[in-house]
Amino acid sequence: MSNADRHGLIAKAVRDAGGATVQELAELTGASEMTIRRDLDTLAAQGVLERVRGGARTLLLRGEEPPFALRAHEAIDAKRRIAARICGLIADGESVLLDSGTTCLEVARLLRERPVTVMPLSLQAIHLVGETPGPATLVVPGGQPRAAEGALTGPLTLASLAALRFDTAVIGCCGLTAADGLTAYDLDDAAVKKAGIASARRVIAAADGSKLGHTAYAYVGPAALLHTLVTDATAAAGEVTALEDGGTIVQTV
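Residues numbered from 1 in each chain as written. Predicted model: local features only at pLDDT ≥ 70, side-chain atom pairs only at ≥ 80, totals over all residues. Heavy atoms only, no water.

Undergrad: Is there a simple way to think about the sheet that holds strand β3 (residues 55-58) in this case?
TA: The strands that make up a sheet are held in pairs by hydrogen bonds between backbone atoms, and each pair lies either parallel or antiparallel. With respect to topology, 3 strands assemble into an open sheet ordered β1-β3-β2, the strand pairing being antiparallel. Because the sheet does not close on itself, it has two edges, and the strands there are β1 (19-21) and β2 (49-52). Pairs of neighbouring strands in the sheet enclose a mean axial angle of 20°, with direction left out of account. Note: β2 against β3, 4 bridges, orientation antiparallel. Counterpart to E50 in the pairing with β3 is R57. Contacting β1, β2 and β3, helix α1 (residues 3-17) runs over the sheet at an angle of about 60° to β3. (Pairing = 2+ DSSP bridges. Helix = DSSP H or I, 4+ residues; strand = E, 2+ residues; numbered from the N terminus. Axes fitted to C-alpha atoms, helices over the stretch in contact; angles between N-to-C directions. Contact = heavy atoms within 4.5 Å.)

Okay, here's the thing in structure tokens:
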């Protein structure tokens, strides 16, 4: 098991149970207790969990959005497969709006090697696309970054989106159901997603299976706004069918 996989498993175990001991995590991962202690120190420094005597406990309150540092360790392989499929749907020369979030960050990692024009909506993706010269043309929006998230929001972000038109918007989500549509945890983030969808000819949703069947606090819009959903094989089959019945093309990786 790689360090990234082990960290993801530890983060999920602590989040799901509310806490875990070093011994429990060692049995879960097959790693030594010394390794687990180092892992917990690393994850605590990243803000993923809280280190306590003999183990760790979650920092997440019920109903809160999981922090970016925690989400970055979850479903890594699935997010990379989703990102690869989405990049395959984007043609050279397109203008692409790229939403914030961990899955969209993986899309940015691939798009920076393509001859496309891309406007990311997070500081992490802006840095990733702009850190090395490449064929991609980077457009940077205005806005205020959300603390710890790096997602750009506010009037300047909305004005940037209103001034432009994109071939494709790649949108992440916190929740997606056929009944409740696309939802987010943050009202400002939901407003940016709405504006991004309105600015594009085609909307592709990037969502691993854990997002389907889940409804978050802030409403973005009906699922019918999505031309295509790219998800992974863990997505609930009934939800996938309901989305397809509503007209959304669903691609599973």
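Undergrad: Before we go on, may I ask you to explain the side chain of D39 in this structure?
TA: Mapped onto the secondary structure, D39 falls in helix α3 (residues 33-45). We classify D39 as buried; its relative accessible area is 4%. (Buried < 20%, exposed > 50% of the residue type's maximum accessible area, 1.4 Å probe, protein only.)

Undergrad: Hey, could you run me through the pattern of salt bridges in this one?
TA: Between side chains of opposite charge, a pair can form as their charged atoms come close. Counting across every chain of the model gives 14 salt bridges. R109 serves as the salt-bridge partner of E106, at 3.3 Å between the closest nitrogen and oxygen. Of the two residues, E106 and R109 both sit in helix α6 (residues 102-111), 3 residues apart, roughly one turn of that helix. The class for R109 is partly exposed, based on a relative accessible area of 32%. Ionic pairing is found between D208 and K211, a salt bridge with its closest N-O pair at 2.9 Å. (Salt bridge = Lys/Arg side-chain N within 4 Å of Asp/Glu carboxyl O.)

Undergrad: Explain the state of the cysteines to me, please; I cannot follow it from the model alone.
TA: In protein structure, a disulfide is the covalent linkage between the sulfur atoms of two cysteines. On inspection of all chains with the given rule, the structure shows 0 disulfides. Looking at C104, it has no disulfide partner, and the nearest cysteine sulfur is the one in C173, 9.2 Å off. Not part of a disulfide, C174 finds its nearest cysteine sulfur in C173, a span of 7.0 Å. (Disulfide = S-S within 2.5 Å.)

Undergrad: Whenever I open this one, helix α8 (residues 155-162) confuses me. Can you help?
TA: The periodicity of an α-helix, 3.6 residues per turn, causes residues three or four positions apart to be oriented the same way. Buried within α8 we find T157, S160 and L161. End-on, the buried residues of α8 take up no more than an arc of 95°, which puts them together on one face. Facing away from the buried side of α8 by over 90 degrees, the exposed positions are P155, L156 and A162. Elements in contact with the buried residues of α8: β4 (95-98), β5 (117-120), β7 (144-145), β8 (152-153), β9 (166-172) and α9 (187-198). (Arc of directions from axis to C-beta.)

Undergrad: Hey, could you run me through α3 in this one?
TA: The terminal C-alpha atoms of α3, which comprises 13 residues, lie 18 Å apart, in line with the 18 Å expected from a rise of 1.5 Å per residue. Lining the buried residues of α3 we find α1, α2 (22-29), β2 and β3. With its phi angle positive at about 80°, G47 sits one or two positions after the end of α3. (Expected span 1.5 Å × (residues − 1).)

Undergrad: I tried to follow the nonpolar core on my own but got confused; where do I start?
TA: The nonpolar side chains of a soluble globular protein tend to be buried, and buried together. In this structure, L97, L161, L176, L182, L212, L229 and L243 are the most contacted members of the largest nonpolar core, which totals 31 residues. Ranked by residue count, the leading element in this core is α9, at 4 residues. Beyond its immediate stretch of four places on either side in the chain, L97 contacts M119, L121, L161, F166, T168, A169, V170, G196 and S199. In terms of nonpolar packing, the next biggest core, distinct from the first, is built from 22 residues, C87, I90, L98 and C104 among them. (Core = buried A, V, L, I, M, F, W, Y, C linked by side-chain atoms within 4.5 Å.)

Undergrad: Sorry, what's going on with the sheet that holds β9 here?
TA: Across the sheet, 7 strands lie side by side as β6-β5-β4-β9-β12-β14-β15; this open sheet has parallel pairing. Two strands lie at the open edges of the sheet, namely β6 (137-138) and β15 (249-252), each paired on one side alone. When β9 meets strand β12 (residues 200-206), the two strands line up parallel, connected through 6 bridges. Paired with A169 across the strands is V203, a residue of β12.

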